[in-house]
Amino acid sequence: MDVLQTQHLNLNSTTNDISYYSQTSSRFIYYVAVGAIVLCAWFFQSPKRDPRASSPFYELLQGRSILIVGLFTELTAVVAKFKDRAYQIRSTEGVRTIIPTTLVGELKSLPEDTLSAKTAVSEAMLSEYTHLSADAHSDILTLLLKTKATQNLQRMIPTLKDELQYILATEFPTCDDWTPFKIQPFMVRTVSRLSGRAFVGSALSRSEEWMNVSVNFAITAFIAVTKLQFFPPWIRPVAQYLVSELKTIRKDLAKAQAMLEPLIKERLSNADTPGFEKPDDFIQWFSDVLPEEEKRDYFIQAKMQLLLSASSIHTTSNLTTDCIYDLAVHQEMQDILREEAIEVFESEEKENAWERKDSIARLKKMDSFIKESQRLSSNVTSFIRKVMKPIDLSDGTHLPSGTSLLTPLAGISLDERYFPDPEVFDGLRFWKLRQQPESPKPSQSATTAASSSSPPASPRSSPPLRNSKYQFTSIGDTNQNFGLGKHACPGRFFAAQEIKLILSYLLLHYEIKLRDGEAPSPNPSSS
Ligand code: HEM
């Protein structure tokens, strides 16, 4: 520790107070929405229509709290009861069929024209009103993220570290002694800046206007969806005019377009200049692959950038914030991960370690810690899909066209068959598992590491731990935090690098604790 200039950071978990991001209002709306869904479900509940449809959600309604904590608890209880069977729940948006871990393996590789992720997301996000869909360009977006973005981020680590230092210098308190700090809004700004650097380059990534638009787009769109869901589908074409957020979305798209247009024009006119070096960011990669007639369609660029921000900023900043809280609660993990970060970045033989591509990949205990944090704090459901052609599963379940599917992510994460002592937070859980010999490849529906746990450009020198299916970026039937199959999150390698960079830097320079008298949140994690 004496090589460090240790500062003290103590967390203040009260709601954030920065002007552009009102967590309080979005959380309030979320609770109201969940309450509304539960109440509507109660009104429209029809146990007679389908015996599978009736019981679980009906049980959910027996005098339950309408807060999400209540829903989470009940959903995990329902999952425990219906462990390996498909069952249905009813919401304001219709019936959702919940697919268990044991059957999802039969579905995850089906083609888009049989089981569609795009249609399911587009319907869930009411894209015809909110524009939250990449439409014809979604495959390009995914491909660019899988190939260019991750490789670029590895190259950019030193630049991003400098950017992080700059953010800390300008937006973080000095911390001469324990200093209270609201970490969540800071993380949103940090992730937005770091990702922005890779997506739009330094000209825009430090612009407050760009940051406001890219951070707020997802929030505005989610509020718009929630408000629209209060209206039955048949009245939405008219009701949309009562939802002011839809206007804000259009304005944000226009603002983003106005900011991107001069930049893209300049690049296109410079393209033929001898010696012109193309910038290495998403604007450029996307422009390069667009057909000639779309290269000057600045609206498409604006939409793709805002969709990219919507997919990446809040997901990554939320998980980083969760990790910081888990570090504050599990003090022993700070020592373990700090030691690892010193070993990778600061020991004498590791000269220029921040410049080395393999450095981040060597943070294997941190990788495990982030995965454990995610296991205990992630979404309630995953694998949102719509059945386009009838499907018959091996247990006899028939899924007709039009069926909407989900998987019970929160229940899987707390299932002791997959995670012994599931309620215990064990930051090294996955690190220990990675050291076990790789088990023979199970058939069909068991956890599939095969679904790529490594980024396209794998790190050079670090010898891989044997069991790669327990890496943070691994996906599998019991490991659906990033989804499954062809549509599994293509940005997860990017997110992993960003989170590790932020955590390493903070651990090397700060100690973290909860405010005196502040208890850990009542989630299942415990030391
Ligand atoms: C901790 C951070 C993140 C989490 C937990 C997360 C989670 C997810 C999940 C659950 C899905 C749906 C997968 C499926 O349906 O099978 C998804 C899709 C997606 N994510 Fe992420 N994500 C994260 C970060 C990112 C980042 C940083 C980017 C961009 C750089 C990104 C871009 C996308 C895109 C474009 C899709 C849609 C893929 C498709 O439909 O083919 N995500 N993400």
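On a predicted model such as this, the values are computed, not experimentally measured, just so you know.

With respect to the overall build of the chain
Looking only at helices and strands, the chain has 19 helices and 10 strands in total. Per-residue burial for the chain yields a buried fraction of 42% across its 527 residues. Of all intrachain contacts in the chain linking residues separated by at least 6 positions in sequence, the fraction that spans at least 24 positions is 76%.

Focus: the environment of Val-215
Here Val-215 is to be found in helix α10 (residues 208–229). Sequence separation between Val-215 and Arg-189 is 26 residues, and the spatial gap between their C-alpha atoms is 8.2 Å.

Digging into the site of the ligand
Taken together, 26 residues sit near the ligand, with Ser-312, Thr-315, Gly-483, Cys-489 and Gly-491 positioned nearest. Taken together, the elements giving at least two residues each to the shell around the ligand come down to α7 (138–171), α14 (298–329), β6 (382–387) and α19 (492–509). The residue inventory of the shell around the ligand, partitioned by class, reads 15 nonpolar, 10 polar and one charged.

Examining the packing of α10 against helix α12 (residues 244–270)
Where α10 meets α12, the closest approach of the two axes is 9 Å, and the angle between their N-to-C directions is 155°. Between α10 and α12, the angle is such that the two are roughly antiparallel. α10 and α12 meet at a crossing whose hand is left-handed. The residues of α12 that touch α10, namely those facing Glu-209, Trp-210, Val-213, Asn-216, Phe-217, Thr-220, Ala-221, Ile-223, Ala-224 and Lys-227, are Glu-245, Leu-246, Thr-248, Ile-249, Asp-252, Lys-255, Ala-256 and Met-259. For the contact of α10 with α12, the class distribution of residues is 10 nonpolar, three polar and five charged.

So, the sheet that holds strand β9 (residues 404–407)
By way of backbone hydrogen bonds, the strands of a sheet pair with one another, either parallel or antiparallel. The strand order across the open sheet formed by five strands is β2-β3-β9-β6-β4, and the pairing between neighbours is mixed. Each edge of the open sheet is held by one strand with a lone partner, namely β2 (87–91) and β4 (115–116). Strand direction decides the pairing type here: β4 and β6, joined by two bridges, are antiparallel. Across the sheet, the residue bridging to Leu-115 is Val-387, located in β6. Of the strands in this sheet, β4, β6 and β9 touch helix α5 (residues 117–124), which is tilted by about 100° from β6.

A word on the pairing of β2
Put simply, side chains in a regular strand alternate between the two faces of the sheet. Taken together, the five bridges between β2 and strand β3 (residues 94–98) define a ladder with antiparallel strand orientation. Considered in β3, the bridge of Tyr-87 is made with Ile-98. Counted along the chain from β2 to the antiparallel partner β3, the turn is two residues long.

What about α19?
Taking 1.5 Å of rise per residue, the 18 residues of α19 would be expected to cover 26 Å, and the 26 Å separating its terminal C-alpha atoms lies within 8% of that figure. Most of α19 is tucked away: 15 of the 18 residues are buried.

Comments concerning the nonpolar core
Within the largest apolar cluster, 83 residues are counted, with the highest numbers of intra-cluster contacts made by Ala-221, Ala-224, Phe-282, Cys-323 and Ile-499. When residues in this core are grouped by element, the largest group, 14 residues, is from α14. Ranked by size, the runner-up nonpolar core spans 17 residues in total, among them Val-104, Leu-115, Ile-475 and Ala-488.

Topic: the environment of Ser-205
Note on placement: Ser-205 falls in helix α9 (residues 202–205). Note: C-alpha distance between Ser-205 and Arg-193 (12 residues apart in sequence) is 5.5 Å. In contact with Ser-205, not counting residues within four places along its chain, are Arg-193, Gly-196, Arg-197, Val-200 and Trp-210.

Quick notes on the packing of helix α8 (residues 183–199) against α10
Axis angle and axis distance: for two packed helices, these are the angle between their axes and the distance between the axes, and together they describe the pair. Remark: α8 packs on α10, axes separated minimally by 10 Å, with the N-to-C direction vectors making an angle of 105°. With respect to α10, the axis of α8 lies roughly perpendicular. Across the interface between the two elements, Val-188, Arg-189, Ser-192, Arg-193 and Gly-196 from α8 touch Trp-210, Met-211, Ser-214 and Val-215 from α10. Among the residues forming the contact of α8 with α10, the class breakdown is four nonpolar, three polar and two charged.

A closer look at α14
Taking 1.5 Å per residue as the helical rise, α14 with its 32 residues ought to reach 46 Å, and the 46 Å between its terminal C-alpha atoms agrees with that figure. Remark: the principal bend of α14, roughly 25°, maps to Ser-309. The element α14 is largely enclosed, with a buried count of 27 among its 32 residues.

Thresholds, definitions, all that
- Residues numbered from 1 in each chain as written.
- Predicted model: local features only at pLDDT ≥ 70, side-chain atom pairs only at ≥ 80, totals over all residues.
- Helix = DSSP H or I, 4+ residues; strand = E, 2+ residues; numbered from the N terminus.
- Buried ≥ 20, exposed ≤ 12 C-beta atoms within 10 Å, placed from the backbone.
- Contact = placed C-beta atoms within 7 Å.
- Near = placed C-beta within 6 Å.
- Nonpolar A, V, L, I, M, F, W, Y, C, P; charged D, E, K, R; others polar.
- Axes fitted to C-alpha atoms, helices over the stretch in contact; angles between N-to-C directions.
- Parallel < 35°, antiparallel > 145°, perpendicular 65-115°, else oblique.
- Left-handed = near helix turned anticlockwise from the far one by under 90°.
- Pairing = 2+ DSSP bridges.
- Expected span 1.5 Å × (residues − 1).
- Core = buried A, V, L, I, M, F, W, Y, C linked by C-beta atoms within 7 Å.
- Bend = angle between axes of the 7 residues up to and from the residue.

Note that all results are geometric; they support no functional claim without further evidence.
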